[in-house]
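The lines below spell out each chain.
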Amino acid sequence: MIILGIETSCDETSAALLEDGVRILSNVVASQVEMHAKWGGVVPEAAARMHVERMNPVIQQALDEAGMTFDDVDAIAVTNRPGLVGALVVGVAAAKTLALALQKPLIGVHHLEGHMYSARLVDPELEFPYLCLIVSGGHTELMLVKGHGDYYLLGQSMDDAAGEAFDKSARLLGLGYPGGPKVDAAAKQGNPNAIPFPRAWMDGTLNFSFSGLKSAVLRYVDTQGKALNVNDTAASFQEAVVEVLVTKTITAARQVKVKTITVVGGVAANSRLNEAMSTAAKDTGFRLVIPPSILCTDNAAMVACAGYYRLQKGERSDLELDTLATADL
Ligand code: KG4
Ligand code: ZN
């Protein structure tokens, strides 16, 4: 079964071809980073327009790289929620058009479910139940995954998402956009113990809070003025985020008694989070799955994978499929 996946929820135009749910034949990601960098962040209207320009060439490239034509496609999976509505509409319109023209099934996918399935792309045999830490630009969630489409939310951020904290702190440090990778790189040159930034432990819960940390970075930057050591500040900020994410994830895994932990979403590409989570998992005896960077950040292969398992259950979307800015999983 060949699934064409389409993802346009934010600033990457992506199309992928996936065989039997887990084998990636192609996964083309056209990033808009350079354009949005000029404005210091994602401009929704510009993102939508660029998706329109790139959607067809990206789909064609995904077919070419897989050595296929539209005739080989058995179903189409597309992110329809949550995200920038103007951006989502482009991918959803393309997916509906293809479903109608090719007379093939269409399935709308929740973006976070897509992220969760990125772990299955690297470990197709991933056994339930397992724990999933989702860390993206818009979400920080600890999820118990009991089966396909069967999730229990254990904890989440009460304010900023982890990725948002990275992006906002990067701006405060003058590192620009995209914040996460810039902080990651700067932190490699800095001392993670230089500044004792606060950790919000949210005692007794598996929830997170990162807005206090962001404010602490803002205050610190103000007090330092020209003497600011950007690399030390980036490293100390990153360490505060990573320590909380790792500690809470291990606590959650113990509580729900799973064997495996997965970490997905853009922030899962962070090198220090990867390193610290790997060490902690090894020390505590949990198996850890963190996808490679290209599958952590937004991509259509993960969307096709999530769509595959929904289609297997007999689910279908019709041509009325809507786009939503916010949506529960
Ligand atoms: O999953 P994603 O690509 O899009 C959303 O669904 O939001 O995540 C994007 C987020 C951004 O906040 C970005 O700064 C962050 O992931 N990110 C990183 C790294 N790469 C991307 N954060 C920290 N370190 C990285 N290397
Ligand atoms: Zn995402």
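Our structure's up above, just so we're on the same page.
If you're wondering where the values come from, they're calculated on a predicted model, not measured in any experiment.

Caption draft 1: Looking closely at the sheet that holds strand E4 (residues 75-81). In space, the 5 strands of this open sheet follow the order E3-E2-E1-E4-E5, with mixed pairing throughout. Edge strands, defined here as strands with exactly one partner in the open sheet, are strand E3 (23-31) and strand E5 (106-110). Averaged over all pairs of adjacent strands, the angle between their axes in this sheet comes to 20°, without regard to strand direction. Direction of pairing for strand E2 (residues 12-19) relative to E3: antiparallel, over a ladder of 8 bridges. When the bridges of E3 are listed, Ala-15 appears paired with Val-28. Against the sheet, helix H2 (residues 44-66) makes contact with strand E1 (2-7), E2 and E3, and its axis sits at roughly 25° relative to E2, the strand it touches most. Packed on one face of the sheet, helix H4 (residues 111-122) meets E1, E2, E3, E4 and E5 and runs near 95° to E5.

Caption draft 2: View of unusual backbone geometry. Residue Pro-82 is bonded to the preceding Arg-81 through a cis peptide linkage, with omega at -25°. Looking at where Pro-82 falls in the secondary structure, it is placed in the loop between E4 and helix H3 (85-102). Backbone torsion omega between Tyr-177 and Pro-178 reads 0°, so that peptide bond is classified as cis. Take Pro-178: it is sitting in the loop between helix H5 (162-172) and helix H6 (179-187). Residue Met-202 is not a glycine yet carries a positive backbone phi of 50°. One can find Met-202 in the loop between H6 and helix H7 (211-224). For Lys-257, which is not glycine, the phi dihedral falls at a positive 55°.

Caption draft 3: Fine view of the site of ligand 1. Taken together, 19 residues surround ligand 1, and among them His-115, Gly-137, Asp-167, Gly-180 and Asp-184 come closest. Gly-137 has a polar backbone atom sitting 2.7 Å from an oxygen atom of ligand 1. Residue Asp-167 places a side-chain N or O atom 2.6 Å away from an oxygen atom belonging to ligand 1. Protein chains bury 86% of the 550 Å² of accessible surface belonging to ligand 1 in isolation. Residue assignment for the shell around ligand 1 shows that the elements contributing at least two residues are H4, H5 and H6. Of the residues assigned to the shell around ligand 1, the class counts are 5 nonpolar, 11 polar and 3 charged.

So, how was this worked out
Residues numbered from 1 in each chain as written. Chains lettered and ligands numbered in written order. Predicted model: local features only at pLDDT ≥ 70, side-chain atom pairs only at ≥ 80, totals over all residues. Heavy atoms only, no water. Pairing = 2+ DSSP bridges. Helix = DSSP H or I, 4+ residues; strand = E, 2+ residues; numbered from the N terminus. Axes fitted to C-alpha atoms, helices over the stretch in contact; angles between N-to-C directions. Contact = heavy atoms within 4.5 Å. Near = heavy atom within 4 Å. Polar contact = N/O pair within 3.5 Å; in protein donor to acceptor, adjacent residues only side chain to side chain. Areas by Shrake-Rupley, 256 points an atom, 1.4 Å probe, with all protein chains shown as cover. Nonpolar A, V, L, I, M, F, W, Y, C, P; charged D, E, K, R; others polar.

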